[in-house]
Amino acid sequence: MKKFSTIILVIIMLSSISWITASANTTVTLDGGKVVNNRTLVPLRAIFEELGATVQWNQKDKTITAKKGQTTISLKVGSKTAQINKKAVTIDVPAQVYSGSTLVPLRFISESFGVKTTWNAKEETAILTAGDKTIVVNAGEFESAVALEATDIKSSPGEIYSTIGVISDGANVNVTGGVPTGYDQEDWFSYEKYGWSKVQYGGLTGWVATHHLSFQNPYSWAPGIKDTTLNQLKMEFVGKNDKYKLVEAGAFNGVGSLEFYVQFDGVGQWYRVVSINPKTGWYHG
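Here's a quick rundown of the structure.

About the criteria used
Residues numbered from 1 in each chain as written. Predicted model: local features only at pLDDT ≥ 70, side-chain atom pairs only at ≥ 80, totals over all residues. Heavy atoms only, no water. Pairing = 2+ DSSP bridges. Helix = DSSP H or I, 4+ residues; strand = E, 2+ residues; numbered from the N terminus. Contact = heavy atoms within 4.5 Å. Axes fitted to C-alpha atoms, helices over the stretch in contact; angles between N-to-C directions. Buried < 20%, exposed > 50% of the residue type's maximum accessible area, 1.4 Å probe, protein only. Lys, Arg positive; Asp, Glu negative; His and termini not counted. Salt bridge = Lys/Arg side-chain N within 4 Å of Asp/Glu carboxyl O. Polar contact = N/O pair within 3.5 Å; in protein donor to acceptor, adjacent residues only side chain to side chain.

For the rest of this paragraph, the subject is the sheet that holds strand S23 (residues 271-276). The 4 strands are arranged S21-S22-S23-S24 in an open sheet whose pairing can be described as antiparallel. Edge positions in the sheet fall to strand S21 (243-252) and strand S24 (283-284), since each has one partner strand and no second. As defined by bridge partners, S21 adjoins strand S22 (residues 255-263) across 8 bridges and the pair is classed as antiparallel. In the strand pairing of S22, Glu248 is matched with Leu258. Across the sheet, helix H4 (residues 226-237) touches S21, S22, S23 and S24, and the angle it forms with S23 is around 150°.

Attention shifts here to the sheet that holds strand S12 (residues 125-130). Read from one edge of the open sheet, 4 strands run S1-S13-S12-S11, paired in mixed fashion. The open sheet has two free edges, formed respectively by strand S1 (26-30) and strand S11 (116-120), since each of these has just one partner strand. Averaged over all adjacent pairs, the angle separating strand axes in this sheet is 20°, with direction ignored. Examined bridge by bridge, S11 and S12 share 5 bridges and lie antiparallel to one another. Paired with Lys116 across the strands is Thr129, a residue of S12.

Structurally, Asp242 is set in the loop between H4 and S21. Buried Asp242, no salt bridge; nearest opposite-charge side chain is Lys243, N-O distance 10 Å. Separated by 2.6 Å, the side chain of Asp242 and the backbone nitrogen of Gly239 make a polar contact. Of note is the side chain of Asp242, whose polar atom sits 2.7 Å from the backbone nitrogen of Asp265. When residues no more than four places from it in sequence are discounted, the contact partners of Asp242 are Phe237, Val262, Gln263, Phe264, Asp265 and Gly266.

The analysis is restricted to geometry; functional conclusions fall outside its scope.
What follows is the structure, given as structure tokens:
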């Protein structure tokens, strides 16, 4: 009996050790990446600090220096040459400042501290793995929004599709696109049914009904929506010599409306043609 109890105790101890090891793995998600000329750029300071490196910025000569263990990296904004332990290396795209962050090519991060890097083209995310830490960097264009209530994330735009997750009430999400669905000409008051937004939340990428979100900027276009929508409207309503303009016309729950006006032959009166939802490209005339 004593021998059996000892075996059980050992199994419990080994299970505990395995659980502790597994739970030590951490995933951190960062924003601020960018794709330039088919090169993925990521925020150097944020990533290096997550990797445990100390980072210093020299404002005078626009140089950033990072150190971790026996490795020291130095590079200058606008230069294609960097140094790793005083050895010069060439990077594909010069380090550049964007929205207050210094961005460098993803490959340079890998070469600097031996970090494993992969690129998820579908979700436009760079994934960096170092030991027990995974860093996910969003590199695609996105808008910031807040969930107005607990909201299901669907696999495709529409209530009929499977639910792959839930956004918590009041949670922040990244919106990476949108689509119009349905038709409202005979039922204006049912407008809420006719738009879906593509979101990234909690490591998931899926779709939510747009009216469940409140956007930071009600009148900005969701990524990928503007050109497609305006090209369609110009084809339908704008002649060769006509002019058109957009006018902000009020917002509800963080989603604005843009009025599309046309001036025939480029002179005289402006005529309102349709109202546009810039988050989905849906329009109503």
